[in-house]
Amino acid sequence: MSIRDHARTAKQAMQAATQAAMTKAIQLAPDSWMPGGRPDPLIFHKHGHVGQPVSRIDGPLKVSGAAPFAAEIPLEGMAYAALLFSTIPKGRIASMDVSDALLAPGVSLVMTHRNAPRMATMPLFLTGAKAAGGDDLPIMQDDRIHWNGQPVALVLADTQEQADHATSLIRVTYQAEEAVTSFAAAKDNGTVPGLFMNQPLQSRNGDADAALAEAAHKVDAVYRTPRHNHNPIELHAATVMWQGDRLRVHDASQAVAHTAWSLAQVFGIDEDQVHVTSPFVGGGFGSKTLWQHQVLAAAASKLAGRPVRIMLSREGVHRMVGGRTVTEQRVAIGADADGRFQSLIHSGTIAMTRHNMMPEPFILPARSGYASRTMKLDVEVAYVDMIANTFMRAPGEAVGTFALESAIDELAVAMGIDPIELRLRNEPDKDPSTGAPFSARHVEEAYRSGAERFGWSSRGAPGSRKDGEWLIGTGVATATYPYYRMPGGAARITLSKDGAATIDIAAHEMGMGTSTAQTQVAADRLGLAMDQVTFRYGDSSLPGVVLAGGSQQTAAIGASVIAAQRVLVKELLKLAGNDSPLAGLKVEDVGGRDGGLAKLDDPDRFESYASILSRARRDTVVAEASPPPPLEMLHWSMHSHGAMFCEVRVNAVTGEVRVSRFLGSFDCGRILNPKTAASQFRGGIVMGLGLALMEETQFDERSGRIMNPSLAEYHVPVHMDVPDIEVMWTDIPDPHAPMGARGVGEIGITGVGAAVANAVFNATGKRVRDLPITLDKLL
Amino acid sequence: MDLVINGKPVSVDVDPRVSLLDLLRERLDLPGTKKGCNQGACGACTVLVDGERILSCLGLAVQYEGRSVTTVEGLAEDGSLHRLQQAFIDHDGFQCGYCTPGQICSAIGMAAEARRGLPSFVTADLDGDPVPLSGEEVRERMSGNLCRCGAYNGIVAAITETFAEDVR
Amino acid sequence: MIPFAYQRAGSVAEAIAVAARPQSKYLGGGTNLVDLMRETIEAPAHLVDVTGLSTAIEDTDNGGLMVGAGVRNTALAEHPAVRSRFPLLSRAILAGASGQIRNMATVGGNLLQRTRCAYFYDDAARCNKRAPGAGCDAVGGFNRIHAILGASPACVATHPSDMCVALAALDVTVHLDGPDGGRTVPFGDFHLLPGDSPDVETVLRPGELITAVEIAAQPLAARSTYRKVRDRASYAFALVSVAAAIEVDGGTVRDVRIALGGVAHKPWRAHAAEAALIGQPARSDSFRHAAEAELAAAAPLSGNGFKVELAARAITAVLDDLVEERA
């Protein structure tokens, strides 16, 4: 560990200690002081748009190919960019000959470290309120190579074909230095404790080692998960231009405001000189933040004095957009004769670079999942010279639940207890790590209803069901993902005299159905029809710093609109004055209804928005506000859960695994739109099937090179891999979350790996602890 | 070179390196056809050429001289959505919408193939009769179209409903 | 992609004349070549489009089929004579790639598909096939999809085609035309093992064009099949595949054809297994024994040892199925 690492770790540890003290104070404060302490009135609103299976309002655009994506904005005089990537993991550029490239037809610029403009490094994602960068490395500022695949040259030409060709004419030689590219070597070099969003990835409760040693029943095994890539079908792309010292970016982004601020830091300009829009994103899953390509495109545009389009090749996405890192996890569980956990140990190591801060936090599920008398949780970091790893759908939980929920299944098998029963025997009554009360936790209900629908009771002993060549088995696992709401939200409501409203917030649509669900919510909140509400998003000039990540966007938008509505109502009551049926009422007393405001418990006291504005001679009323900081996350333990049921068929001849049935039974609070939420759940499960059965970024440990940068060789599930997936939910509102809803974007991928592995065990009697479960492991 | 795109004759001069996909997206202002890999591995660029589905990223534009190309922009009839497009909305057969044009064009070509009796890898009988579009048949025949959002169930439902007469 | 000149040939003679220019290449459906050109692994200066030539499937006098090299994969799989007389060929084609690619790819192009070895595709890696003499990074790297039979220290890559595995199991002749006139090559001789020069993959001479593949009549092929084992349920290259046909008389194997995919630098005709089976009882144990005879020569790498057992099981299961179906 270097001095720099020590200093960073020490600083972070201090911040963590301060944070811990704050957390304690927040936990002890009365409920009523908390956001969500008084339930969102919309929770009790039963017959509105919320909860209806409304079809996507942007559906017609998407099915007709008319939704504009980042690489589909044509700009006058635009040049196309292509990139050349390093072929060594570490060292220096020894020589670089760009002369042939410069002479190639159509080429207007070859940018390398020799001529790139001076730029600061990107603020590293989640190290600041608006930081969006995937790494904090110099971008073409020197001759140093930090990973195999680092961009070393960018070519601009009149067409993409010309740019691609010219790139192939650049000759580079390298002076290689010794690199750490194997996980084993990195671990041998020593590990450091992981810090996740300034919190140490370490929990201790009692003496877990001693309790394990004494336990009547125990399992103790190591589980491994490989690197993964998000691989959204839309390639990362941006169309950029400078207008004087103002930068305009058409991006594919799940963080427009973050990206605008971060680009401003890179180019040393004001945040409001950068305008980032991203109306449609062709899938993100954590990958569509700020990576070097947007910076390089903007730098090249500046040098060339032309607008620039950059669209990474599929190889380029793998070379310069990080993915989920490799993990090695030990799970040990000790239980008493009744199956009650006496010891829960979940510890292990992940690979990370020195240029990012994402120690895949696989222990998060264990923190709040089970009551155990003692607990020891740790994530250690080993440094590898590679592309910076990053957040990918349910970071931590997706792979953490594979290990934890497999181990629980192993214990259930060892003890001869039904795995659902074993889990329910260990249901905690408060958060096992923090002691905080749960805001809402209905794991048992999710299991009970899921088991009934799935037909769990007909399950057989391992290896007991066969249909021709196919062995059949079923498995189960718990899905879990926390409720998050990040600070920085803000929204603006513009109400016009015709009674229509526009909601403005710098949020994102990358398939979640944001505009649809939020239009439903806003319509109910304001008492309007859906076609009276316009939801504008995907633009950094709108209010709010709202990340489409951590399944938090719905809550962040919800809380922001609640805050803005409060300001709006206050203003409207003032405008209504003493001649209104609303006279004398306070903000808390009224709500939106039938195109106006009404007293909550006396709807006859009502005045329409049109009437209020017309009497006040106003065309519009504009209200903008930010919600209070998300203290509810600390005061309560807020988590979504799911019971994942899987049936697999394993070919006894070839070892091929096919998932024949899958059911997810979720407890995620209130479901705002059953149609789009079901797609989120299913989508997560499909990605989970990929994680379970086929996905692996092949990282050559000799060279640090990703060897399958292609959708032909990086396998994601195809139609034929995916059976009909049933999803259901408790629909029990979380009283402390806006709209009673917790996020639904990530939980679907969690628990799937274990549900599949546990089903494979039930089918074959073989326990696979290394993902993906490919056929060679079952022969 | 001359070709017909969405029913309209088009005359263009192209570098032979230009793929049919880039001709559509970058030269003819038809970005509805998507680039997802440019390697023939995802299906997002699927278009119909004389009614047959192909991957426009693997075809050089010059190879399609004189052919009739239909893209997602050309599917609407009389200004209203093709019934398969509507079914995709009804069944939520997409999330981000990026693979969607390819899925839709592919499904139209696929249904015609099954109707004329082209078997698939999962067709038990190679007799050449029209193949009923069971869920399994649709899934196998559509496997060249990846959807990373995982909207497969909705896509299959939309296709099955639209081509119900082929399902039987 | 480097700049190149494109020309569509109106006849075989014209194609051959045009392709006499240096650095010429014939273009079929483009499903592999265009991708390789984008990767700059292939860099022809002249592309001669031959897709319009030889697009017919015709019966030959002796009950076989003459398949033009320009026939699309879909058209071949769909042809009534192929479905009824050579079902293994239909099934093999339908197991490959996707519907869209099968609509584009040609028979001639399918024979010339290049390997999916990751080190062949990546110009940062050493590859004797791409740069003769450079060395091979696959041997100590990711070689799960690589060869277990017939490989050399220079190259352990596999041929990725499904269609060719079916053709390897049949009596097929490849018809070629070129600057020095036409000739025919037995299918089994068309593809080469890697030896010391893995960059040379077929017996094609400079400027030679595949014009047709001729499939001889062989009644046993009417009862034949193709089984493909892969990492996902569809749209993936084979880890191991088996094309087979068998003729049984009174419980004894009279004749048998077995070819394997995913195991070698070329579509692998399992001659040793076939020889071990003729005259033996048509039973699972003899199938397994024959498979083992074929795989005795297997030399697995660090990551593909499973293929030996997988291939043995797949051969056994396919023959079991064919015999059962017949019974």
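Conventions we followed
- Residues numbered from 1 in each chain as written.
- Chains lettered and ligands numbered in written order.
- Predicted model: local features only at pLDDT ≥ 70, side-chain atom pairs only at ≥ 80, totals over all residues.
- Heavy atoms only, no water.
- Helix = DSSP H or I, 4+ residues; strand = E, 2+ residues; numbered from the N terminus.
- Rg over C-alpha atoms; globule rule 2.2 N^0.38 Å.
- Contact = heavy atoms within 4.5 Å.
- Areas by Shrake-Rupley, 256 points an atom, 1.4 Å probe, with all protein chains shown as cover.
- Buried < 20%, exposed > 50% of the residue type's maximum accessible area, 1.4 Å probe, protein only.
- Lys, Arg positive; Asp, Glu negative; His and termini not counted.
- Salt bridge = Lys/Arg side-chain N within 4 Å of Asp/Glu carboxyl O.
- Axes fitted to C-alpha atoms, helices over the stretch in contact; angles between N-to-C directions.
- Parallel < 35°, antiparallel > 145°, perpendicular 65-115°, else oblique.
- Left-handed = near helix turned anticlockwise from the far one by under 90°.
- Nonpolar A, V, L, I, M, F, W, Y, C, P; charged D, E, K, R; others polar.
- Buried area = accessible area lost by both parts, 1.4 Å probe.
- Polar contact = N/O pair within 3.5 Å; in protein donor to acceptor, adjacent residues only side chain to side chain.
- Pairing = 2+ DSSP bridges.
- Domains from an automatic or database assignment.
- Expected span 1.5 Å × (residues − 1).

## Looking at the overall build of chain A
Stage number 1. Helix and strand counts for chain A stand at 19 helices and 32 strands.
Stage number 2. Against the 2.2 N^0.38 benchmark of 28 Å for 779 residues, chain A shows a C-alpha radius of gyration of 27 Å, consistent with a compact globule.
Stage number 3. Summarising its shape, the C-alpha atoms of chain A cover approximately 80 × 75 × 55 Å along the three principal directions.
Stage number 4. Across chain A, the fraction of contacts at a sequence separation of at least 24, relative to all contacts at a separation of at least 6, is 81%.
Stage number 5. Carbon together with sulfur atoms contributes 52% to the accessible area of chain A, which is approximately 25200 Å² in total.

## Quick look at the side chain of Lys 266 of chain C
All names here are of chain C.
Stage number 1. Of note, Lys 266 is situated in the loop between strand 11 (252-261) and strand 12 (268-269).
Stage number 2. Lacking a salt bridge, the buried Lys 266 has Asp 189 as its closest oppositely charged neighbour, with an N-O distance of 5.6 Å.
Stage number 3. With residues near it in sequence (within four places) discarded, Lys 266 still touches His 159, Gly 188, His 191, Leu 192 and Leu 193.

## Thoughts on the packing of helix 18 (residues 674-693) of chain A against helix 19 (residues 752-764) of chain A
Residue and element names in this part refer to chain A.
Stage number 1. Running from N to C, helix 18 and helix 19 cross one another at 55 degrees; their axes reach a closest spacing of 8 Å. Considered as vectors, helix 18 and helix 19 are oriented oblique to each other. Seen along the crossing, helix 18 lies across helix 19 with a hand that is right-handed. Contacts between helix 18 and helix 19 involve Ile 685, Gly 688, Leu 689, Leu 691, Ala 692 and Leu 693 from the first element and Val 752, Gly 753 and Val 756 from the second.
Stage number 2. For the contact of helix 18 with helix 19, a count of residues per class yields 7 nonpolar, 2 polar and no charged.

## Remarks on the interface of chain C and chain A
Stage number 1. Tallying the contact residues gives 34 residues for chain C and 31 residues for chain A.
Stage number 2. Of all residues in chain C, the largest losses of buried area upon contact with chain A belong to Phe 142, Arg 232 and Arg 313 of chain C, amounting jointly to 25% of the total for that side.
Stage number 3. Notably, a salt bridge pairs Arg 705 of chain A with Asp 122 of chain C, separated by 2.7 Å at the nearest N-O pair.
Stage number 4. Where chain C packs against chain A, one counts 11 residue pairs in polar contact (both at pLDDT 80 or more).
Stage number 5. Taken together, the elements giving at least two residues each to the side of chain C that touches chain A come down to helix 8 (118-121), strand 9 (224-230) and helix 13 (306-326) of chain C.
Stage number 6. It is helix 13 of chain C that contributes the most residues to the side of chain C that touches chain A, 6 residues altogether.
Stage number 7. When grouped by side-chain class, the residues that make up the side of chain C that touches chain A number 17 nonpolar, 4 polar and 13 charged.

## Notes on the sheet that holds strand 12 (residues 237-243) of chain A
Residue and element names in this part refer to chain A.
Stage number 1. Taking strand neighbours across the sheet as the criterion, the 7 strands line up as 3-5-1-15-12-13-14 in an open arrangement whose pairing is mixed. The open sheet has two edge strands with one neighbour each: strand 3 (107-111) and strand 14 (274-277). Strand-to-strand twist across the sheet, computed as the mean angle between neighbouring axes with direction ignored, equals 20 degrees.
Stage number 2. Here 6 bridges tie strand 12 to strand 13 (residues 246-251), and the two strands are oriented antiparallel to one another. Across the sheet, Trp 242 pairs through a bridge with Leu 247, a residue of strand 13.
Stage number 3. Where helix 7 (residues 256-267) meets the sheet, it contacts strand 12, strand 13 and strand 14, and its direction lies at approximately 145 degrees from that of strand 14.
Stage number 4. Contacting strand 1 (79-85), strand 3, strand 5 (151-157), strand 12, strand 13 and strand 15 (308-311), helix 8 (residues 292-304) runs over the sheet at an angle of about 35 degrees to strand 12.

## Concerning the domain arrangement of chain B
Interfaces are often sized by the accessible area lost when the parts come together.
Residues and elements named next belong to chain B.
Stage number 1. Considered domain by domain, chain B is made up of domain 1 (2-74) and domain 2 (83-167).
Stage number 2. Taking the mean C-alpha position of each, domain 1 and domain 2 sit 21 Å from one another.
Stage number 3. With 18 residues of domain 1 in contact, the opposing surface of domain 2 contributes 16 residues.
Stage number 4. Between domain 1 and domain 2 the total buried area reaches about 1300 Å² when both faces are included, carbon and sulfur atoms providing 53% of it.
Stage number 5. Three residues, Lys 34, Arg 53 and Val 72, lead the burial of domain 1 against domain 2; their summed loss comes to 43% of the area buried on that side.
Stage number 6. Where Glu 113 meets Arg 53, a salt bridge forms, and the shortest distance between an N and an O atom there is 2.8 Å.
Stage number 7. Applying the counting rule to domain 1 against domain 2 returns 9 residue pairs in polar contact (both at pLDDT 80 or more).

## Concerning helix 14 (residues 514-526) of chain A
Stage number 1. The terminal C-alpha atoms of helix 14 of chain A lie 18 Å apart, and with 13 residues this matches the ideal 18 Å at 1.5 Å per residue to within 8%.
Stage number 2. Just beyond helix 14 of chain A, the residue with positive phi is Gly 527 of chain A, at close to 75 degrees.

## Considerations on the environment of Gly 244 of chain A
Residue and element names in this part refer to chain A.
Stage number 1. Summarising the element assignment, Gly 244 is placed in the loop between strand 12 and strand 13.
Stage number 2. The exposure class of Gly 244 is exposed, given its relative accessible area of 68%.
Stage number 3. Distance in space between the C-alpha atoms of Gly 244 and Asp 100 is 31 Å, their sequence separation being 144 residues.

## Section: the sheet that holds strand 3 (residues 46-49) of chain C
Sheet strands pair by backbone hydrogen bonding; their relative direction is either parallel or antiparallel.
Residue and element names in this part refer to chain C.
Stage number 1. One open sheet holds the 3 strands; their spatial order is 1-3-2, and the pairing between them is parallel. The open sheet has two free edges, formed respectively by strand 1 (5-8) and strand 2 (24-27), since each of these has just one partner strand. This sheet shows a mean twist of 25 degrees between the axes of neighbouring strands, independent of strand direction.
Stage number 2. As judged from the 4 bridges shared by strand 2 and strand 3, these two strands associate in the parallel manner. In the sheet register, Tyr 26 faces strand 3, and the bridge partner there is Val 48.

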